[in-house]
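# Reading the structure
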Amino acid sequence: MFEKNVLERGRPDLAVAARKRALALRAETYGASTLPERECLEAVYAYEGVLSARNGKATRDLRTWQLIKRHGIIGAVERAVSRELEATGYPALVELGLEDYALEEVVVRHPDLFSAAAVESSRSRIDAWKTSS
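My aim in this report is to walk through the structure given alongside it, one point at a time. Just so you know, these numbers come straight off a predicted model, no measurement behind them.

Before going further, it helps to examine the side chain of Ser122. Following the sequence through the fold, Ser122 ends up in helix α7 (residues 116–132). Ignoring any residue separated from it by four or fewer positions in sequence, one finds Ser122 in contact with Val81, Glu104, Val107 and Val108.

This is the structure we're talking about:
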């Protein structure tokens, strides 16, 4: 609600801050035990925001949540960045001021937690996204 109100009053900077705080609260509520886990969960929630905006209704990223249940948060992100690229997610995150919330960005920030292949794939994707925008 705060985000909507500040957008109506011409304060997109506060709207982005509100989005980021909401993501952090959701990740904390889920129970992330480390900073990288919290950042991974924030990225999943940010992507769900993109899906929800695209679909016009609340939409969960069921594939990623299933991976989290099976492999844990870090293992799920490892697998998610290794699957086929979702071409529209990153530009939509940029539009919302949340480009740092892409799963690939989290992997690059914490390379010691992921395989070399996942880190390299993430770097390549980020470079491709940034050069195409």
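Enumeration according to the criterion identifies six salt bridges in this entry. A salt bridge links Glu48 to Arg26, with the nearest nitrogen and oxygen atoms 3.8 Å apart. With Glu48 in helix α3 (residues 35–55) and Arg26 in helix α2 (residues 12–30), the pair connects residues that are 22 residues apart, well separated along the chain. The exposure class assigned to Glu48 is buried, which follows from its relative accessible area of 3%. You can call Arg26 partly exposed: its relative accessible area is 40%. The partner of Glu105 in a salt bridge is Lys130, and the shortest N-O contact between them spans 3.9 Å. Separated by 25 residues along the polypeptide, Glu105 in helix α6 (residues 103–109) and Lys130 in helix α7 bring together distant segments of the chain. A residue is classified by how much of its surface remains accessible, and Glu105, at 10% relative accessible area, is buried.

Here α7 is 17 residues long and its end C-alpha atoms lie 24 Å apart, about the 24 Å a rise of 1.5 Å per residue gives. All of the buried residues along α7 are Ala118, Val119, Ser122, Arg125, Ile126 and Trp129. One side of α7 holds all its buried residues, which, seen down the axis, span an arc of 130°. Exposed side of α7, more than 90 degrees from the buried face: Ala116, Ala117, Asp127, Thr131 and Ser132 are the residues found there. The secondary structure elements touched by the buried residues of α7 are α4 (62–82), α5 (89–95) and α6.

Definitions and limits used
- Residues numbered from 1 in each chain as written.
- Predicted model: local features only at pLDDT ≥ 70, side-chain atom pairs only at ≥ 80, totals over all residues.
- Heavy atoms only, no water.
- Helix = DSSP H or I, 4+ residues; strand = E, 2+ residues; numbered from the N terminus.
- Contact = heavy atoms within 4.5 Å.
- Salt bridge = Lys/Arg side-chain N within 4 Å of Asp/Glu carboxyl O.
- Buried < 20%, exposed > 50% of the residue type's maximum accessible area, 1.4 Å probe, protein only.
- Expected span 1.5 Å × (residues − 1).
- Arc of directions from axis to C-beta.

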